[in-house]
Amino acid sequence: MPAASRSRVADLIGDRPLSARSVLATGLLGAPQPHLTVGELVAIASLFGISDGAARTCLWRMVSNGELVSDDGTYALSGALLERRQRVDEASRIDDHAAPPWDGTWELAVVSLERRSAADRLALRKAATALHLAELREGVWIRPDNLDRDRLPTQRAVLDRQCVHFHSAATGIPVDTVRSLFSLDDWATDARRLTLALLDEVEDLAYQFGLSVAVVRHLQLDPLLPAELIPEEWPGQDLRSAYSRLNEKFKQRLSSAFTR
């Protein structure tokens, strides 16, 4: 990979030290089953130099904060982390070539509250982003109506509280405007860089962890537009396929810790 691309990938991964919370949360986010035992989670943490005591203390704090639920020595995601797993699952399993047909309808969410606090505005922006809507102008969020309307109910409730919804087949939005609204060119550029990084197959576990997190974060930003509105040679499925291969290898390495 060229040096400039490596630098950009490094920017996407970031250089923050791995915390016990990020390791444990990511372990549960990527686990094939919805829960792991305390022993399995401690084993995962040990791969990253996190002590048994630190991992157990972190698990207790995450339960206290409502991020995990505990039952007879097992832990499962709860609250925002559980919904995040649903977002991760949605982002990583979508097949660009198997998307449901789009009938041309658009979804619009228009702010209807006369007064909103800064917290309300931020909550709406986060919810709309999670639901893959783009801001057409102040207070007007839009996207093709090609996704399940009942997805991410917590985020949808934020939109429902602050907005009125419209569904229309005629918005007159040019393709170039769609590309700009959803930052398609920027997303595709970074997706290709991340795909190349995944194909490098670097064996360092901490690097794999950081790269995996960066890819999942990027996949969650994929606007999931219908085929009619994305550029040719869209890199979404290439990135998902490369991530799937890395994720399987990563899970195998984590599973090996359980049998030590």
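Everything that follows concerns the structure shown earlier in this document.
Residue positions are given per chain, counted from 1 along the sequence in the order it is written. Two thresholds apply to this predicted model, a pLDDT of at least 70 for residue-level local features and 80 or more for giving and counting side-chain atom pairs, whereas whole-chain, interface and lining totals are computed over all residues. Hydrogen atoms and water are omitted, and side-chain values are computed over all heavy atoms in the structure.

Visitor: Mind showing me how you'd approach the sheet that holds strand S7 (residues 163-168) here?
Guide: Strand pairs in the sheet, formed through backbone hydrogen bonds, run parallel or antiparallel to each other. Two strands are counted as paired when DSSP detects at least two bridges linking them. Think of it this way: any DSSP run of H or I at least four residues long counts as a helix, any run of E at least two long counts as a strand, and we number them from the N terminus. Spatial strand order, S5-S6-S4-S7: four strands in an open sheet with antiparallel pairing. The open sheet is flanked by strand S5 (134-137) and S7, the only strands paired with a single partner. Averaged over all adjacent pairs, the angle separating strand axes in this sheet is 30°, with direction ignored. Both strand S4 (residues 106-111) and S7 contribute to a ladder of six bridges, which runs antiparallel. Looking at S7, one finds that Glu 107 is bridged to His 167. In this description, contact between two residues means that some pair of their heavy atoms is separated by no more than 4.5 Å. Every axis corresponds to a line fitted to the C-alpha atoms, with the helix fit spanning only the stretch in contact, and the corresponding angles, defined between N-to-C directions, vary from 0 to 180 degrees. Of the strands in this sheet, S4, S5, strand S6 (140-144) and S7 touch helix H6 (residues 118-130), which is tilted by about 10° from S6. Running at roughly 100° to S7, helix H7 (residues 153-162) makes contact with S4 and S7 of the sheet.

Visitor: Just to check I follow, could you spell out the environment of Leu 124 for this structure?
Guide: You can see Leu 124 is positioned in helix H6. When accessible area is computed with a 1.4 Å probe and restricted to protein chains, residues below 20% of their type maximum are described as buried, those above 50% as exposed, and intermediate ones as partly exposed. Overall, Leu 124 belongs to the buried group, its relative accessible area being 2%. Leu 124 sits 36 residues away from Asp 160 along the chain, and the two C-alpha atoms are 9.8 Å apart.

Visitor: Looking at this structure, I do not really get the pairing of S5. What am I missing?
Guide: Within a regular beta strand, the side chains point alternately toward one face of the sheet and then the other, so they alternate between its two faces. Bridging between S5 and S6 involves three bridges; their strand directions are antiparallel. Counterpart to Ala 134 in the pairing with S6 is Ile 142. A loop of two residues connects S5 with S6, the two strands running antiparallel in sequence, and Gly 139 in this loop sits at a positive phi of about 80°.

Visitor: Please explain the sheet that holds strand S2 (residues 68-71) as it appears in this structure.
Guide: Read across the sheet, three strands follow the order S1-S3-S2 without closing on themselves; strand pairing throughout is antiparallel. Edge positions in the sheet fall to strand S1 (35-37) and S2, since each has one partner strand and no second. Pairs of neighbouring strands in the sheet enclose a mean axial angle of 25°, with direction left out of account. Here S1 pairs with strand S3 (residues 74-77) via three bridges, running antiparallel. The residue of S3 that forms the bridge with His 35 is Ala 76. Relative to S3, helix H2 (residues 20-30) is tilted by about 80°, and along the sheet it contacts S1, S2 and S3.

Visitor: Please clarify how the packing of helix H9 (residues 184-199) against helix H10 (residues 205-219) should be interpreted in this entry.
Guide: To characterise two packed helices, one gives the angle between the axes of the helices and the distance between these axes. Running from N to C, H9 and H10 point in directions that differ by 155°, and their axes come no closer than 11 Å. What the angle tells us is that H9 and H10 run roughly antiparallel. The hand of the H9/H10 crossing is left-handed. For the pair H9 and H10, contact is made by Trp 187, Asp 190, Ala 191, Leu 194, Ala 197 and Leu 198 and by Tyr 207, Leu 211, Ala 214, Val 215, His 218 and Leu 219, respectively. Relative orientations are named as follows: roughly parallel for angles under 35 degrees, roughly antiparallel for angles over 145 degrees, roughly perpendicular for angles from 65 to 115 degrees, and oblique for any other angle. A clockwise turn of the near helix away from the far one marks a right-handed crossing, whereas an anticlockwise turn of less than a right angle marks a left-handed crossing.

Visitor: How should I be thinking about unusual backbone geometry in this particular structure?
Guide: Unusually for a residue other than glycine, His 132 sits at a positive phi of about 65°. Turning to its location among the elements, His 132 is positioned in the loop between H6 and S5. Taking the relative accessible area as the measure of exposure, His 132 reaches 7% and is therefore buried.

Visitor: Would you mind going over the nonpolar core with me for this structure?
Guide: Soluble globular proteins: nonpolar side chains tend toward being buried together. Buried residues of nine kinds, namely Ala, Val, Leu, Ile, Met, Phe, Trp, Tyr and Cys, make up a nonpolar core once their side-chain atoms join them within 4.5 Å. Trp 106, Val 178, Leu 198, Leu 211, Val 215, Leu 219 and Leu 239 are the most contacted members of the largest nonpolar core, which totals 30 residues. Residue assignment for this core shows that the elements contributing at least two residues are helix H5 (79-93), S4, S6, H9, H10 and helix H11 (236-258). If one sorts the elements of this core by residue count, H9 sits on top with seven residues. Domain ranges listed in this record stem from an automatic or a database domain assignment. No fewer than three residues from each of domain 1 (1-98 + 202-259) and domain 2 (106-169) sit in this core. Within the second largest apolar cluster, 27 residues are counted, among which are Phe 48, Cys 58, Leu 205 and Phe 250.

Visitor: How should I be thinking about the environment of Ala 80 in this particular structure?
Guide: Along the chain, Ala 80 turns up in helix H5. In this structure, the C-alpha to C-alpha distance between Ala 80 and Thr 154, residues 74 residues apart in sequence, is 8.9 Å.

Visitor: Please clarify how the pairing of S2 should be interpreted in this entry.
Guide: Two elements, S2 and S3, share four bridges in a ladder whose sense is antiparallel. Across the sheet, the residue bridging to Leu 68 is Leu 77, located in S3. Hairpin remark: S2 followed by S3, antiparallel, with two residues in the connecting loop; positive phi at Asp 72, about 55°.

Visitor: Even after reading the chapter, I still don't get the packing of H2 against helix H4 (residues 52-64), so can you show me in this structure?
Guide: Packing of H2 against H4 leaves a shortest axis separation of 9 Å and a crossing angle of 75°. By the angle class used here, H2 and H4 are roughly perpendicular. Across the interface between the two elements, Ala 20, Arg 21, Leu 24 and Ala 25 from H2 touch Ala 54, Ala 55, Cys 58, Leu 59 and Met 62 from H4. Class assignment of the residues belonging to the contact of H2 with H4 gives a composition of eight nonpolar, no polar and one charged. Each residue gets one of three labels, nonpolar for Ala, Val, Leu, Ile, Met, Phe, Trp, Tyr, Cys and Pro, charged for Asp, Glu, Lys and Arg, and polar for the others, Gly among them.

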